[in-house]
Amino acid sequence: MSSWSEGRRPLTLAILALGGEGGGVLADWIVATAERAGHHAQTTSVAGVAQRTGATVYYVELFPSQPSAESPTADARAPVRDEPVMGVFPTPGEVDVVIASELMECGRAVQRGFSTADRTTLITSTNRVYSIDEKVAMGDGRVDDAALLDAARNASKRLVAADFMQLAEQAGSVISASLFGGLAGSGALPFAREQFEASIRVSGKAVDASLAAFAAGFEAATADATPSPSSSAAKLIELPIAPGAASSRSTEERKAHEEAERTAIAATDPASLVGPELRDLAERVGDLPPAARSTILHGLVRTAVYQDHAYAERYLERVARFADVDPERAGDARLTREAARHVALWMCYQDTIQVATQKVRRKRMERIRDESHVRPGQLVQVREFLHPQAEEIVDTMPTWLGGRLARSRAFERVVHAATHRGMILNTSSVVGYTLLTTMARARPLRPRSVRFVREQAAIERWLALALDVARTDAALACEIVECQRVLKGYGSTYAHGGESFATLMDAADALVGAEAAATRMADLRDAALADEDGAALRTKIHDTGAAESPWRSPASPT
Amino acid sequence: MAERSFDGEVQLLRSGAGSTLQVEGILAVTKALLQSGVAYVGGYQGAPISHLMDVLGDAREILGELDVYFENSASEATAAAMLAASVHYPLRGAVTFKSTVGLNVASDALANLASGGVQGGALIILGEDYGEGSSIMQERSHAFAMKSQMWLLDPRPNVSAIVDAVETGFELSEASSTPVMLDLRLRSCHLHGSFVAKDNRRPPMTVKDAIEHPTRDPSRIVLPPASFLHEREKVEDRWPAAVRFIRERGLNEVIAGDHGDVGIITQGGLYNTLNRSLELLGCSDAFGRSDVPLYVMNVTYPVVDEEILDFCAGKRAVLLVEEGQPDYIEQNLNAILRRAGVTTALHGKDLLPVAGEYTSAAVTRGVAAFLRRYLPDAIEHEPALLRDAEDPASPFASPVAADAVLPRPPGLCTGCPERPIFSGLKLAERETGAHHVSADIGCHLFSTVAPFHLGATTMGYGLGSAGAAALNSKDADRRTIAVMGDGGFWHNGLTSGVGNAVFNENDQLLVVVDNAYSAATGGQDVLSSQAQTPNRSTQHPIEKAARGVGVEWARTIDDTYDVGAVRDSFVEALTTDEPGPKLLVMQSECQLNRQRRVKPEMRAALKEGKRVVRERFGVDAETCTGDHACIRISGCPSLSIKSNPDPLRTDPVATVLDSCVGCGVCGTNAHAAVLCPSFYRTDVVQNPTRRDRMLARLRAWWIKVASRGIERRAARFEVS
């Protein structure tokens, strides 16, 4: 007798959901549908602390009703139980349907052996809800979505992958409803669409919205949109993260696509990618490596808007110095590309003038309206959380004044008293907007400011080092250029970035000529981005020794 | 106001005999209590039986109709002590709490109860929090049954079986004058299934009858010489009576199989998992027709020697499936077999895992190992999970890289008022240096994980302050911080912590998180709850209680979202020269409960056309430099990351998701930690007034005028 392997077994379903996503509601709907169809149904879950943002597994078993003459294989013995004995754990390798409300949870289901290629219909939403480890990284800590999706494809008999979160949002409902539709559409359960829908109707809560989301999920599962296991090349699946944020993959893909288009245009008509007053500079991009042109044009626009035409020209001149020593000029031109990117970013450092400019741009106000889902007839106000520091104010002053104020205790006290609790500025008000635009209009004063002078000197030192190294080791030069990435944040985060940068430049000096210098440099940069207190970097750099160097002079950002 | 309302479901409790109920385990238990003629019920909430308390609370009206007394006990000890009502009166009483932590707290009362014994049936329903998803230390309730001699029922995970166990539990208790514990395993509590109802029974004697006819019997009081007699009574009278009842009623089951010379003994709660393992191996079917003889211990304590000997008679080998450690039952069976000179080989934790949850996979592996050794021919099917993990057909031959699936530790909810407390403490520590933090049980314990990493120990519910007692020195340059929730404070923290600190002149800073509910267990009201509730007395301030036991330095911060104020009060409390314990009550309503309360109000206001402002936060992607410092100080689920839209930058930027409830912590954190200027708050005014609209028109005009120059200049460089 092997009743289980011969199919006299319940249908088994595991649902992996995050707290508050309605995994329990979904399980209840499935049970209700099955019970009305005469099945014996059991569901259980393990919530525990998982109810607070953790992952929860709901487990459902459905046993078809027994014909009056039970046991087609005529077991002579009387049944021990008059109702089927149901399991309370999903058994690895024995789960018929796995539903995951999020892509990493889908990965977890695969990892735990719930979803297997010989048996499982795997229904997963492709949206991402990032885990805390991914979010707290100083750089990019996200896991590879494509790897998760590949795993889902390999570990399922049938994969239904769609952004069920978005489908639910569009219907004004929650993901449990669209996943329920996906389950119905997958055909994994022996019930008709109407039978599923009846469970939503009976529940009596937000029926119309739930049915709309159900319909969307149903269509996603039936419209053969899922990449089949054979074509692992796979068509692109949009992978947006939770509502309110754009997708990780789709944004990266859009950026890659746009860059490809721009590179093509830049080859023939670079001037069309900039505004009228930058056309002369854009034409000069034609002399630079083709692979870097699009990025350089971005940089031109960025620096010109940031300061002026002359500043953009200075940018172009700086990048051109890298193009001259780039060993892959005609090819990938990595050194030039990275220089174009990082020089632009550093030259457009975030000072108060820049922040004010960003805050008052029209496209920003429009974007905010969009993301707040403002309906006609509703009004929006935007309030900024600002907290200018004494040093930031000093930084924007002309050098002769700034230097004096920086030493003034009285000035520091006044600023501290005015701003240490922070200020909330209503940008949408007349006063608030006027204040910010006035600040933005201070742009012409910038080149004489304390910070400008300091930053330009630091940029030149960085470029000189990178260019010097580039003559012997272009790969190392490239890594040195990319170290600009650690200069980010504001306040103490920025100060820490400055510290890390100084340490990295010291290390770069010491690495010149060493074996695998570029790889080691990249490792050090990763270490600098690994934590907030610089411990990882210090550990890595331990034997290099930190000598006095120009990088630690007053020029290091504060 | 509890997390979940059972107002609809409790109507099923009125169902009469013969009706089939399709319900969750906890509702079935409540119905079974009413069918048993219970006279009083109490308990303390905690997963997985929180909902049982909520069901009982929502069923107040039905309980009243039947003259059943119900209360939310102050602690598990209170609940257990309540069973004293069954000592002299034939009143059936039931209490419920989470185990094993609840049993730890209740064990003094239970030991006294078990010593004197009971006249009316006394049932302790344990929500066993063991295995995956558990939030407590992994221990067994079995030890408490053994040490105090209370009987332990462990019914099959089946709603009918659980209902039967409740009813039989009372009878067993009365037949043997002993309190009975009913183990409801984690998954059984959340089990959905069906059972056939009986009529509810009004208790033959009510609490009122008992009060009006007081009786006492000194021989039931735990005081020498009675206590010595109790011990003898336990072994000479009550134990044999229990065994007689268990055998007569056939509470444990024997399932005969074809292969009579081997067998498997299992705890009732593991029966379904065992049968599934046998099904997978081709040795049983969905209706329990096992080829291998089984002995199912629906009563796991006491072990009935005669039944064990009968089952083992003529068997070469027996496997015991017993979850958790120590292996109490295995030791017990060995003693029984040895004493009787039975040679049957007993296997258990040599083939099954010594520790950890007995999942379907774990049991299947153990049973397969046993059968391969004694009955290899019985295995008709090899489930995939038995394959070597290297085998590509193994379900564990996972195609997912280990580092692609990251842990999701529990964290504070979106908008949680406790988040800014810990943000504030982290900021205060920048000024005062790091401190030893003694943590407690409750949501605030999530401060021990990312991103806060605060808190060194947690010694039990309400013991945060006591956990810091030893770390008290007049010579130290800083003081110890203790954290407690309002739940823990009222559970026992006021006496074991605050009173102790006052008496011993402890220098600690005690932070009491007052979110107006016992929030971690599902939002039950406590003494300091702000809500006006019928039948309960609330709104008793924590600060007042602490001052009442002698705390001199006490402050209540009534808006924890003001991170700056929280930080400053921490700095003050950590640096003041005032002797004795310093108390900071950090007060803001649990956001989960607040949303449940506020959302319907807001919907109603919108419908009526009233002006409603919806707040949420946002991050400017251009201004954000992608360093995620804001996330490291918050950890809010609604504060996430997204791909950088800037073509020149690659690191993801911070973003605020739609689930944002506009609590304001992002903004105040940005201020207090001087993070960055990227955060903004949008206020969407719904149903704007005429004044709103006029002001908006004026502002729109001015913004258009004032931005003209800036946009015009940008257009010279940018492509439109």
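Residues numbered from 1 in each chain as written. Chains lettered and ligands numbered in written order. Predicted model: local features only at pLDDT ≥ 70, side-chain atom pairs only at ≥ 80, totals over all residues. Heavy atoms only, no water.

### As for the overall build of chain B
Of regular secondary structure, chain B possesses 23 helices and 24 strands. Overall, the C-alpha framework of chain B stretches about 100 × 70 × 60 Å when taken along its three principal axes. When burial is assessed residue by residue, chain B has 61% of its 720 residues classed as buried. With 71 positive and 88 negative side-chain charges, chain B shows a separation of 8 Å between the mean positions of the two kinds. (Helix = DSSP H or I, 4+ residues; strand = E, 2+ residues; numbered from the N terminus. Buried < 20%, exposed > 50% of the residue type's maximum accessible area, 1.4 Å probe, protein only. Lys, Arg positive; Asp, Glu negative; His and termini not counted. Charge placed at Lys NZ, Arg CZ, Asp CG, Glu CD.)

### A short note on a positive patch on the surface
Judged by side-chain charge, Arg362 of chain A together with Lys704, Arg708 and Arg712 of chain B come together as a positively charged surface patch. The residue arginine 712 of chain B is located in helix α23 (residues 690-717) in this model. Here arginine 712 of chain B falls in the exposed class, since its relative accessible area comes to 57%. (Patch = residues over 30% accessible without salt bridge, like charges linked within 9 Å, V, L, I, M, F, W, Y side chains within 5 Å. Areas by Shrake-Rupley, 256 points an atom, 1.4 Å probe, with all protein chains shown as cover. Salt bridge = Lys/Arg side-chain N within 4 Å of Asp/Glu carboxyl O.)

### Comments concerning the packing of helix α2 (residues 103-111) of chain A against helix α4 (residues 145-154) of chain A
Packed helices, taken two at a time, are described by the angle their axes make and the gap between the axes. All names here are of chain A. Running from N to C, α2 and α4 point in directions that differ by 45 degrees, and their axes come no closer than 9 Å. With respect to each other, α2 and α4 are oriented oblique. In terms of crossing hand, the pair formed by α2 and α4 is left-handed. When α2 is examined against α4, the residues Leu103, Met104, Cys106, Gly107 and Val110 are found in contact with a partner set consisting of Asp145, Leu148, Leu149, Ala151 and Ala152. For the contact of α2 with α4, the residue count by class is eight nonpolar, one polar and one charged. (Axes fitted to C-alpha atoms, helices over the stretch in contact; angles between N-to-C directions. Parallel < 35°, antiparallel > 145°, perpendicular 65-115°, else oblique. Left-handed = near helix turned anticlockwise from the far one by under 90°. Contact = heavy atoms within 4.5 Å. Nonpolar A, V, L, I, M, F, W, Y, C, P; charged D, E, K, R; others polar.)

### Considering the environment of glutamate 552 of chain B
All names here are of chain B. The topology assignment puts glutamate 552 in the loop between α18 (542-548) and β19 (553-557). On the basis of relative accessibility, which here comes to 58%, the residue glutamate 552 falls in the exposed class. Apart from the residues lying within four places of it in its own chain, the contact partners of glutamate 552 are Arg547 and Glu578.

### Observations concerning empty space enclosed by the protein
A probe matching the size of a water molecule, rolled over the atoms, marks out where space remains unfilled. Residues and elements named next belong to chain B. One pass over the structure, following the stated rule, counts twelve cavities of 30 Å³ or more. Each pocket or cavity is described by its volume, and for the largest cavity that value is around 320 Å³. Looking at the largest cavity, it is lined by 25 residues, and the ones nearest its centre are Glu128, Tyr130, Asp183, Arg185 and Glu323. Elements supplying a minimum of two residues to the lining of the largest cavity: β7 (180-185) and α9 (186-189). Top element by residues in the lining of the largest cavity is α9. It accounts for three residues. Split by residue class, the lining of the largest cavity holds eight nonpolar, eight polar and nine charged. Split by domain, the lining of the largest cavity shows at least three residues from each of two domains, domain 1 (9-248) and domain 2 (253-386). (1 Å grid on protein atoms, 1.4 Å probe; cavity = no way out; pocket = protein on both sides within 12 Å on 5 of 7 lines; lining within 4 Å. Points joined across faces, edges and corners; volume = space filled by probe spheres on them. Domains from an automatic or database assignment.)

### Side note on the confidence of the model for chain A
Averaged over chain A, the pLDDT score is 87; the fraction of residues at 70 or greater is 89%. Low pLDDT, under 50, characterises residues 553-558 of chain A; the predicted model gives this stretch twelve contacts beyond four residues in sequence or across chains. (pLDDT = per-residue confidence, 0-100.)

### Describing the pairing of strand β4 (residues 97-100) of chain A
Residue and element names in this part refer to chain A. Burial of the side chains of β4 extends over both faces: Val97 and Ile99 are buried on one face and Val98 and Ala100 on the other. Note: strand β1 (residues 11-18) against β4, four bridges, orientation parallel. In the sheet register, leucine 13 faces β4, and the bridge partner there is valine 97. Pairing between β4 and strand β5 (residues 121-125): four bridges, direction parallel. From the neighbouring strand, alanine 100 faces β5, where its bridge partner is threonine 124. (Pairing = 2+ DSSP bridges.)

### A short note on the UniProt feature "domain: DUF6537" (unreviewed entry) in chain A
Mapped onto this numbering, the UniProt entry annotates "domain: DUF6537" (unreviewed entry) at residues 294-506 of chain A. In the segment residues 294-506 of chain A, helix accounts for 69% and strand for 6%; the C-alpha atoms at its two ends are 32 Å apart. (UniProt positions renumbered as here; feature names shortened; annotations may be inferred.)

### Quick word on the side chain of asparagine 644 of chain B
All names here are of chain B. Among the secondary structure elements, asparagine 644 is positioned in the loop between β22 (639-642) and β23 (653-656). A polar contact is formed between the side chain of asparagine 644 and the backbone nitrogen of aspartate 646, at a distance of 3.1 Å. Within the structure, asparagine 644 has its side chain in polar contact with the backbone oxygen of aspartate 651 (distance 2.9 Å). (Polar contact = N/O pair within 3.5 Å; in protein donor to acceptor, adjacent residues only side chain to side chain.)

### Some remarks on the sheet that holds strand β18 (residues 509-514) of chain B
Pairing between the strands of a sheet comes from backbone hydrogen bonds, and it takes one of two forms, parallel or antiparallel. Residue and element names in this part refer to chain B. Taken together, six strands build an open sheet; the order of strands is β16-β15-β17-β18-β20-β19 and the sheet is parallel. Of all the strands in the sheet, just β16 (457-458) and β19 have a single pairing partner and so form its edges. Here helix α17 (residues 486-503) sits on the sheet in contact with β17 (481-485) and β18, set at roughly 135 degrees to β17.

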